[in-house]
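This is what each chain is made of:
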Amino acid sequence: MNKAVVMTSLFPVGCRMGMAATFLLALTALPVSPAPLSAKVLVQASGKAATPSQQRSGKAAPAARTATKPKAKSKPKTKTAVAPKPADAVPVPDPERSEAARRVIAWVASEHDNGALPYIVIDKQAASLSLFTADGQFIGETPVLLGIGVGDDSSPGVGAKNLSDIGPAERTTPAGRFVAKFGRAFGQQRVLWVDYANSVALHAVITTHKQEHRVARLLSPTPDDNRISFGCINVGTRFYTKQLRPLLLKKGGVVYILPDSKPLDTVFPRVRLLPYLNGAAAG
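The structure presented is a predicted model; accordingly, all values stated were derived computationally and were not measured.

Calculation rules
- Residues numbered from 1 in each chain as written.
- Predicted model: local features only at pLDDT ≥ 70, side-chain atom pairs only at ≥ 80, totals over all residues.
- Heavy atoms only, no water.
- Helix = DSSP H or I, 4+ residues; strand = E, 2+ residues; numbered from the N terminus.
- Buried < 20%, exposed > 50% of the residue type's maximum accessible area, 1.4 Å probe, protein only.
- Contact = heavy atoms within 4.5 Å.
- Phe/Tyr/Trp six-rings, centres within 6.5 Å; stacked < 30°, edge-to-face > 60°.
- Polar contact = N/O pair within 3.5 Å; in protein donor to acceptor, adjacent residues only side chain to side chain.
- Pairing = 2+ DSSP bridges.
- Expected span 1.5 Å × (residues − 1).
- Arc of directions from axis to C-beta.

Within the protein chain, the secondary structure is distributed over seven helices and nine strands. The proportion of buried residues among the 283 residues of the protein chain is 38%. Long-range contacts, defined here as pairs at least 24 residues apart, represent 66% of the contacts in the protein chain between residues at least 6 apart.

On to the packing of aromatic side chains, then. Evaluation of the coordinates by the stated rule reveals eight aromatic pairs. Aromatic pair F132 and F138: ring centres 5.5 Å apart, planes at 50 degrees, arrangement tilted. A single burial state applies to F132 and to F138, both of which are buried. Between the aromatic rings of Y256 and F268, the centroid separation amounts to 6.2 Å while the plane-to-plane angle is 50 degrees, which identifies the pairing as tilted. With Y256 in strand β9 (residues 253-257) and F268 in the loop between α6 (264-267) and α7 (274-282), the pair connects residues that are 12 residues apart, well separated along the chain. Taken as a pair, Y256 and F268 share a single burial class, namely buried. Aromatic ring contacts, followed pair by pair, group W107, Y119, F132, F138, Y256 and F268 into a single cluster.

With that settled, consider the environment of E111. Along the chain, E111 falls in helix α3 (residues 99-111). In this structure the C-alpha to C-alpha distance between E111 and L273, which are 162 residues apart in sequence, comes to 9.2 Å. Every residue in contact with E111, bar those within four places of it in the chain, is listed here: R270, L273 and L277. Within the local environment of E111, its side chain forms a polar contact with the side chain of R270, the two groups lying 2.6 Å apart.

Within the element layout of this structure, R227 appears in strand β7 (residues 227-229). Under the relative-accessibility criterion, R227 is labelled buried at 18%. Among the polar contacts listed, one links the side chain of R227 to the side chain of D260, at a separation of 2.5 Å. Those residues in contact with R227 that sit more than four places away from it in its chain are K124, L146, G147, I148, G149, V150, R217 and D260.

With five of five residues buried, β9 lies mostly within the body of the structure. As paired strands, strand β1 (residues 119-123) and β9 are joined by four bridges and run parallel to one another. Paired with I120 across the strands is V255, a residue of β9. Sheet topology places strand β4 (residues 176-184) next to β9; five bridges connect them, and they run antiparallel. Considered in β9, the bridge of R177 is made with Y256.

The subject of this paragraph is α3. With 13 residues, α3 ought to run about 18 Å at 1.5 Å a step, and its terminal C-alpha atoms sit 18 Å apart, in line with that. All of the buried residues in α3 are A101, V104, I105, W107 and V108. For α3, the angular spread of the buried residues around the axis is 160 degrees, confining them to a single face. Where α3 ends, the next residue or the one after it, H112, has phi of about 55 degrees, a positive value.

Right, here's the structure in full:
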């Protein structure tokens, strides 16, 4: 398919989230012209204009007295207070996780599958997201909203469809390993593209449609009501802006999405190597 046609069809769709366009306004500073200088009298080197009689006699005007400024009293020196050294950051305790999430997190840490990139592990069944630095430090966990359709694959061509043409069963969040990067979406919004071809992105929760109660769904104690999107992954605005986006904005990261119904080893085959990796590390 022509590349231009594909790109044209993807951008109108946005990230299957119907985001409103935002506009940036630029302010320009008005130039300020310096005040003109005027010289009415040509002053001699002494700093005082010569009188007519002095000009005829050839005498120079008396030198102008220069006022001497009184010496400013020196301020007593004050000792600069030395700021105390910050205490070591307290590590974030690991929350309770499903067996599948623990296995994937342990495998990534053992095999360094993320390379030099920060990474995210999303447990769809628990509707939770765990964020890690490139060296495996746990940053935090937050609830997520997912596609309303239960399934682990994206329907063929769903990324090129209009939102109104995507049925409920097609609104799935795919499972698998994705290398994600920030980029433009519909309305010039910047989102973390997880699966660009299928228009699946990770972004702050959308509140455009009040009847969907997306914020309330994030705050609810159960994951049963966290299926509402067209397939994109929504997280709380504070977690997104304060922790996730600063960590992944420059280089992106790796996103691991656990399956709904497929066996974990089918989606992540190398997880089977975890016992051997642990054994090699212990030896």
